[in-house]
Every structure is written in structure tokens, then in C-alpha cells.
Number of protein chains: 2
Amino acid sequence: MVITLEEISKVTGFSVSTVSRVLNKKSKKYRISNDTERVIYAKAKELGYRPNELARGLRLKKTHTIGLVVPDISNPFFASITHLIQKYLYEEGYSLIVCNTNEDINTEIEQIDLMKRKGVDGYIIMPVGTQYEHIKDLLDDDKPLVLLDRNIDALDANCIVVDNYRGAYEATECLVHFGHDRIAIIQGLQNTYTNNERVRGYKDALADNGIRIDENYIVGNDFRRENGYISTKLLLKMENPPTAIFAFSDLITLGMLQAISEEKVKIPDDLSIISFDEIDFAPYLVSPLAVVVQPRELIGEAAVKLLIEEMRNKNSSGKRKILLESKLVIRESMKNLNSTANENSNLGVTVHRTAS
Amino acid sequence: MVITLEEISKVTGFSVSTVSRVLNKKSKKYRISNDTERVIYAKAKELGYRPNELARGLRLKKTHTIGLVVPDISNPFFASITHLIQKYLYEEGYSLIVCNTNEDINTEIEQIDLMKRKGVDGYIIMPVGTQYEHIKDLLDDDKPLVLLDRNIDALDANCIVVDNYRGAYEATECLVHFGHDRIAIIQGLQNTYTNNERVRGYKDALADNGIRIDENYIVGNDFRRENGYISTKLLLKMENPPTAIFAFSDLITLGMLQAISEEKVKIPDDLSIISFDEIDFAPYLVSPLAVVVQPRELIGEAAVKLLIEEMRNKNSSGKRKILLESKLVIRESMKNLNSTANENSNLGVTVHRTAS
DNA sequence: TGTTTTTGCACAAACGTTTGTGCTAACTAT
DNA sequence: ATAGTTAGCACAAACGTTTGTGCAAAAACA
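What counts as what
Residues numbered from 1 in each chain as written. Chains lettered and ligands numbered in written order. Predicted model: local features only at pLDDT ≥ 70, side-chain atom pairs only at ≥ 80, totals over all residues. Heavy atoms only, no water. Near = heavy atom within 4 Å. Polar contact = N/O pair within 3.5 Å; in protein donor to acceptor, adjacent residues only side chain to side chain. Nonpolar A, V, L, I, M, F, W, Y, C, P; charged D, E, K, R; others polar. 1 Å grid on protein atoms, 1.4 Å probe; cavity = no way out; pocket = protein on both sides within 12 Å on 5 of 7 lines; lining within 4 Å. Points joined across faces, edges and corners; volume = space filled by probe spheres on them. Helix = DSSP H or I, 4+ residues; strand = E, 2+ residues; numbered from the N terminus. Contact = heavy atoms within 4.5 Å. Buried area = accessible area lost by both parts, 1.4 Å probe. Salt bridge = Lys/Arg side-chain N within 4 Å of Asp/Glu carboxyl O. Pairing = 2+ DSSP bridges. Core = buried A, V, L, I, M, F, W, Y, C linked by side-chain atoms within 4.5 Å. Buried < 20%, exposed > 50% of the residue type's maximum accessible area, 1.4 Å probe, protein only. Phe/Tyr/Trp six-rings, centres within 6.5 Å; stacked < 30°, edge-to-face > 60°. Lys NZ or Arg CZ within 6 Å of the ring centre and 35° of its normal. Domains from an automatic or database assignment. Least-squares fit on C-alpha atoms with pLDDT ≥ 70 in both. Right-handed = clockwise from strand over helix to strand, strands pointing away. Expected span 1.5 Å × (residues − 1). Arc of directions from axis to C-beta.

## Regarding the protein's contact with DNA strand D
Moving on, step 1. Taken together, 31 residues are adjacent to DNA strand D, and A:Ser20, A:Arg21, A:Lys26, A:Arg59 and B:Thr36 come closest.
Moving on, step 2. In the environment of DNA strand D, a phosphate oxygen lies 2.5 Å from a nitrogen or oxygen atom belonging to the side chain of A:Lys26.
Moving on, step 3. A distance of 3.4 Å separates a base nitrogen of DNA strand D from a polar backbone atom of A:Ala55.
Moving on, step 4. In terms of residue class, the surface near DNA strand D is made up of 11 nonpolar, 11 polar and 9 charged.

Next up, the structure:
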């Protein structure tokens, strides 16, 4: 049987309100005697009382639950962030409702609606794209909200993003310095914040270094594996194939590697590659993989911090936009076409930079 | 402002109960006129009414929320399963509350308690260990529950597990057939179901093939990366180091690779390795990695199917225990010591089997 | 002893739903 | 015209909490 305050009230003889106050540690405030307190505590423990959080949430308008909207939990990058968010929220006493949008805007809208109905106390959202009416509505509810990984400029919302522009710029520029001029990118989902920024960084890096932008070298439209596979096949079959490919996500890279393996292309002699996102196994691949790593830990931690902070100080009027730095890790998968002996003295070197 | 039934009641002039019935599509049953229905629908839509799921849950004793307990979402294996569970549940109209236990039994107990209080309609649990009083209590609540990935024999609960015993047995036996007799394992967390079964499979395979079990070759006690690193270092430093290492998880393998790389050990010439869990990048590693893959898709799908089924037929008395098969994928990281020229003709071969 | 203060608790409303039941007016049948 | 049906809706209780307020008895004070 499920134990309610009423049960305890009956067996102890005290009223429901008294029981409630004791169990909520409000005995002093409401002048409940120590004796009474002891009796109620004992009985509650004995019967294994558990507050009904639905009733409580209804009454208090507070559920101690945060809604997390993520595009794809199975993507290691997002999985990692989810893990951290969950961890930090737990420390703060919050539960997590997770929903996966699969990069589908309608699912996102639906799921956010559902979370709203469930009365979550705050939102951490990695939005799919640029459609944002539903998020705008959310802001009016004045529940804390932070946009993660993907910003929506038009919205006055808290947000935490990585400097995708610089990340892509530096990776591209590094390839250029290594003597590459036919540099292809395999994009993720177009019109997402991250993708747009990365493309912009790529283009600017080329332009700033006097290399013509060839739209044929810009392929793909999805952060997933299949896109990496197909796009790579396409690129390799070109009449004038690229000497370097920049993949915009770990999963794209996975597909790319599959295609490369099938086509028997040698890395880095035939082709240089670099990937966005940390890939745990990167150092141990056939050709250790250069990557642009994003500070996952920071992202997760910052998200929770910002959210909690806003819950505490309801007054906090100004929204904050936080820009985190990425890090370029050069490994052997990038060939330096300038060095005659392909010495690659910069093996494993890490280029650090500070965010703007 | 938040719109309630009461609001709609006020502006339309109909009672709250009538509004409720209309919006719940019970107009016929309660003989609400078509005109009334139309008016209420229109107003509800206009005002953007959203039912308060807390109130509803309280009244209905049903929240359409499932609680998922997972040891470590950042582990790709669990992330993948989580993703699938979320996906299938969404299709069935359920939300997901996720909690991470970090393999800590107390966190597990706490979190399950919290979920209970939040009134979830069912549980999918990957328990940390063999302590199970709290789960036993859960069973008495007669909410649907399925144990995933890790069984607890003593409990009469639904459960879906992979045949870890056979998976480990076959991998070990394969190594033996390849001529190895100093085969080490790096265990995951001891006294978890999965680990116990794998150790048992390993031991039986050795015994059945006339190889003495050397406890020195059994190391480790954690499914995470650090364990893989340290344990590998230990093994490599032995006076009589193993010729093959069997890592019990993807993350352990990651740490192992790091250690191997640092120690400049050559795979597979100096050492053969094989890993439990699918690793997406396995084929593209310096030495393509042999693995025992578990059917993630099936695990996730089966979990939800079983849960939903039990929600539908409350009568379902008998609990079901489902055993899924694993699959051994042989790659070059396992050297066949018998074949003189290390031809490894079985490159990429997949050994399939059916579960008992 | 009479008045005031304090102690210790109970009552009841409210949070937003759902649903069994009851009531009035209109309709149908005789 | 009268009795019986039915259509159309409202009332109120219940789900399990929390919290403002009220009230009696005890204690303190004069």
C-alpha cells in the first residue's frame, strides 16, 4: 500500500498538516512539540513514507526536474554532454527528463511542449535549427533556459557555445599552411548554428589565404555516419579530388573512414583528413587522426551552472552568452606537403588558443 | 498566463467538467452537444491550453513517464541503448526520466526512490550489482519493470540480457585455437552480472581446452578507461606477460590502447587483443580490432516491447527472461600463432552463432 | 483570581485534473 | 394533458500536498 500523509495522520492521531510540517522540517516555525515530532518521524520511517512528487509539484509549482533536449544521444559528443549535465544536476538535487529530437524540428516542438506540461523547472536545449518560434514562447514562461552548443542569435536567451568559427578557421588554415589548396569539407546538417559557423570559418580561412572557394568541395548535409560515407565516396570520385578533407563531426568521420578504407586511399599520403569533435580512438587509428576538440566538460558544467544560477536569482535580468574555446590537435592524418621528407615534426602537437 | 480548464470554463460559460470532457474526447459518452464541443475546442486552441500533467498524473495515477537507470551514459554502449529506448518509448507516447548511477549502488537506490516518488509508470533498470533489496521492493509496487543487460537471478523479474558467457567463451576459445595459452583478461566491475558471466565463460573456455587458469592473468575491476590503462601496464610489465589480452569493455580497450601505444608494443605481432562491445572505429585502428559485439538495437527494442506489453496486459503474470546472442568478429588484432606466415586468412570474417 | 501571552496543534483552501451522479428542460409517447 | 425519456450540462469529490489562519489549553503575569 502506498503511504500518504493521511495514513500517518490516522495512525499517529495528528492532523495531516502537522505531519506535513514535521516531515518538511518546519516544526520550529509552526511550533510543533519535540514529542510530536519524534512520534511522526518514527512512524513515517516505519511505514516507509515517500512524498508524492506529483502532488507536491502541483501545489508548489516546482518539480525539481530539468528538461534536456538533445539532437542525438547516440552521438558520443552529445552523450558525453548529457552525462555531465545529469551528473551536475544530480548534485544540485535535480532530475533530468531527456528527449531526443533526431534533428527533427517537429519532434523538438512536440517534446518541448510535453516538458512544459510536465512542469519542468528549466530547460537545456540544443535546438535543431533556425526555426525558433516555440523557443521564443518558452522564454515568455520565464522559466530558466539555456541554449547549448547551438545559439539562436535572434533570441535573447542564455547560451553556451563553442567558437565553431575559430575552430574551423584554424583547422582550415593549418591545412593551407601545410600546402593544401584543394580542401573539401563534409558538412553537418545545414542551417544549424554549428554548421553555419564552421562553414564560415572554413571559407574565411581560405579567402584570407588567397585560395578560391570551390563549391564543389563543399558537400554533405547531415551530422551522421551515412553522410560521411557517401560524401567521401563522392569526393574521391571527382575528376580533381581534394588533397584534404575536413569532416564536421565524429560520426561523419566514421563514415569517411569506411569509404576511405574501401577505396584503398592511403592516409595521409593520398589524402589528409581532420575531424571536428574529439574522437577517443583518434590517436590509435591507422593514421592518427587530427581533430578539433571541443571542451565537453566545460560545456556540460557551464550549462548547469548557468541554469542553477538563474533559478536562484530570479532577478537575473540579463541573459548571458558564453563562448568557449576549441582546441586544434594535429596528428599524422594531416600531411605537410611542404616538408620534403614528410617529417611531420609536429606530431601530436597541440595548438592552444584563447577565445575571443 | 497559464491557461487552465477553469479559465476556459469562465470564458465559455461551461463548467470545468464539461470542458474537461470535451478536451478528452468524451463528448459522446457524456452527451455534450456538438455546438458546445465546437465552442470549447475553439477557445482552448485560441488560448493555447495545455493540460497540467502533474494534476493529471495525480488524478489518474499515470504519468506516461518511464524511468531509466543506466550505469554510465557516456559509455557508447549504454548511450546507444538509451537512444534506442528513448526512440521506441517516444513512439509509444512515453517520456523518459534518465538517471546515471555511475555504478554506485547508493546512487542507484536514491534515484530509484526518486523515480518512484515522481510516479513513473515503469522502470528499465541496468542495475549496478548484486545488491537488490531495493529492486525487490519495486517489484511489489507492481509497476512494470525490466532488468536490462544485467540480470539478477534471485529476482522474479523481466529481464533482457546478452549471452555474456558464450560471448566470452567463444572469444577465449578462438584465441586458444589461434595458439595462445597466456591469455589475460581485463575485467570490468566485479560482481556485476555481465562481468561474472564473462569471467565464467573465459575460465570454462580455458578449462575445456586444457589450459590452466592463472589468476595473475585476471586483472582489473572497472569498466572504465583508466582501468584499461593501468591494468594493461601491469600485464605488460609481468615477468611472463600474456600473448593475448581480452578487454571486457570498449572503454577498457581505449585505455589499453593508450598503454600499448606508450609501451610501443606491436599489435598483433607482440600481442593479440580482443574487446567486448562494438567499437565503431574498430576496423580503422592501427590494427583492426577483433570484438564481441552485442546486439544493441535488439536490446533497446526488446526492453521497450517487454515494458509496453506488460503495461497493456496487467494480467501478465509470468515474467520473461530473454537471452540475446552476441557475435564474434575476428579482425587482425588477433594473431594466429599456428599459421606460419601469419596469413590471417580469416581477416574480417564474422563468426555467427545462435543463442541457446 | 483574572488577564494576557504562548504553546501546540487542527481546519480548510488551494494546486488542476477527472468522473460518478444528479438535476432541469425539452422531447416523445400515450 | 400527463407521464416517461432523453439530452445537456453542472456539482462535488477525489488525487496528495502545503500553508495561512484560528482556536483551545496551558503558562505566565499581575
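## Topic: empty space enclosed by the protein
Moving on, step 1. Tallied over the entire structure, the rule returns 5 cavities of 30 Å³ or more.
Moving on, step 2. What the largest cavity holds in volume is close to 210 Å³.
Moving on, step 3. Contributions of two or more residues to the lining of the largest cavity are made by α4 (53–60) of chain A together with α4 (53–60) of chain B.
Moving on, step 4. Residue composition of the lining of the largest cavity, grouped by class: 6 nonpolar, 4 polar and 4 charged.

## Some remarks on the interface of chain A and chain B
Reports often express the size of an interface as the amount of accessible area lost when the parts come together.
Moving on, step 1. On the side of chain B, 49 residues touch chain A, which itself brings 49 residues to the contact.
Moving on, step 2. Counting each side, the surface lost to burial between chain A and chain B is near 4,500 Å², with a carbon and sulfur contribution of 61%.
Moving on, step 3. It is A:Leu54, A:Phe281 and A:Tyr284 that lose the most area in chain A upon contact with chain B, and together they represent 17% of the buried surface on that side.
Moving on, step 4. Counting across the interface, chain A meets chain B through 4 salt bridges.
Moving on, step 5. Its salt-bridge partner being B:Glu53, residue A:Arg117 comes within 2.8 Å of it at the nearest N-O pair.
Moving on, step 6. In this structure, the connection of chain A to chain B is made through 23 residue pairs in polar contact (both at pLDDT 80 or more).
Moving on, step 7. At the level of elements, α4, α5 (76–91), β2 (95–100), α6 (105–117) and α11 (250–262) of chain A are the ones that each hand at least two residues to the side of chain A that touches chain B.
Moving on, step 8. If one sorts the elements of the side of chain A that touches chain B by residue count, α6(A) sits on top with 7 residues.
Moving on, step 9. Residues that form the side of chain A that touches chain B fall into these classes: 19 nonpolar, 18 polar and 12 charged.
Moving on, step 10. Here β2(A) runs beside strand β2 (residues 95–100) of chain B; their pairing, made up of 3 bridges, is antiparallel.

## Description of the nonpolar core
Moving on, step 1. Within the largest apolar cluster, 98 residues are counted, with the highest numbers of intra-cluster contacts made by A:Phe246, A:Ile273, A:Ile274, B:Phe246, B:Ile273 and B:Ile274.
Moving on, step 2. Non-local contacts of B:Phe246, meaning those with residues more than four positions away in its chain, are made with B:Ala168, B:Ala171, B:Thr172, B:Ala184, B:Ile185, B:Ile186, B:Ile274, B:Ser275, B:Phe276 and B:Val292.
Moving on, step 3. Formed by 58 residues, the second largest nonpolar core is a distinct cluster that contains A:Ala303, A:Leu324, B:Ala303 and B:Met311.

## With respect to the packing of aromatic side chains
Moving on, step 1. Applying the stated criterion across every chain yields a total of 10 aromatic pairs over all chains.
Moving on, step 2. On the basis of an interplanar angle of 40° and a centroid distance of 5.9 Å, the ring pair of A:Tyr165 and A:Tyr169 is categorised as tilted. A residue pair is termed a helical-turn pair when its members lie 3 or 4 positions apart in one helix, as A:Tyr165 and A:Tyr169 do in helix α8 (residues 164–177) at 4 residues.
Moving on, step 3. Here the aromatic rings of B:Phe246 and B:Phe248 are separated by 5.0 Å at their centres, their planes lie at 75°, and the arrangement is edge-to-face.
Moving on, step 4. Ring pairing ties together the aromatic residues A:Phe246, A:Phe248 and A:Phe276, which thus form one cluster.
Moving on, step 5. Geometry around B:Tyr30 places B:Arg21 over its ring, the cationic atom sitting 4.0 Å from the centre.
Moving on, step 6. The ring of B:Phe276 is capped by B:Arg198, whose NZ or CZ atom sits 3.7 Å from the centre of that ring.

## Some details on the domain arrangement of chain A
Moving on, step 1. What the domain assignment lists for chain A is domain 1 (5–51), domain 2 (60–162 + 296–324) and domain 3 (164–294 + 327–351).
Moving on, step 2. For domain 1 of chain A and domain 3 of chain A, the distance between their C-alpha centroids amounts to 64 Å.

## Quick look at the relation of the copies chain A and chain B
Moving on, step 1. Superposition of chain A onto chain B requires a rotation of 180° combined with a translation of 0.0 Å along the rotation axis, giving an RMSD of 0.1 Å. Expressed as an axis order, the relation between the two copies is that of a two-fold axis.
Moving on, step 2. Interface overlap between copies: 100% of the residues of chain A at the interface are likewise at the interface in chain B, consistent with a symmetric, same-surface contact.

## Some details on the environment of A:Asp140
All names here are of chain A.
Moving on, step 1. Structurally, Asp140 is set in helix α7 (residues 133–140).
Moving on, step 2. Judged by its relative accessible area of 64%, Asp140 is exposed.
Moving on, step 3. Between the C-alpha atoms of Asp140 and Ile40, which are 100 residues apart in sequence, the distance is 42 Å.

## Overview of the pairing of strand β9 (residues 272–276) of chain A
Residues and elements named next belong to chain A.
Moving on, step 1. Taken across its 5 residues, β9 has 5 buried, putting it largely inside the fold.
Moving on, step 2. Every second residue of β9 is oriented toward a common face, with Ser272, Ile274 and Phe276 on one face and Ile273 and Ser275 on the other, all of them buried.
Moving on, step 3. Relative to β9, strand β8 (residues 244–247) is paired through 4 bridges, and the arrangement is parallel. Paired with Ile245 across the bridge in β9 is Ile273.
Moving on, step 4. For the handedness criterion, the β-α-β arrangement of β8, α11 and β9 is classed as right-handed.
Moving on, step 5. The sheet contact formed by β9 and strand β10 (residues 290–293) spans 3 bridges and is parallel. Bridge assignment links Phe276 to a residue of β10, and that residue is Val292.

## Some points on helix α3 (residues 34–47) of chain B
Residue and element names in this part refer to chain B.
Moving on, step 1. Under the 1.5 Å per step criterion, the end-to-end length of α3 is 20 Å for 14 residues, consistent within 8% with the ideal 20 Å.
Moving on, step 2. When α3 is considered as a whole, its buried residues turn out to be Thr36, Glu37, Ile40 and Ala44. Seen end-on, α3 carries its buried residues on one side only, within an arc spanning 100°. Across from the buried face of α3, at angles greater than 90 degrees, the exposed residues are Asp35, Arg38, Lys45 and Glu46.
Moving on, step 3. For α3, the elements touching its buried residues are α1 (5–12) and α2 (16–23).
Moving on, step 4. Downstream of α3 by a residue or two, Gly48 has a phi angle that is positive, lying close to 70°.

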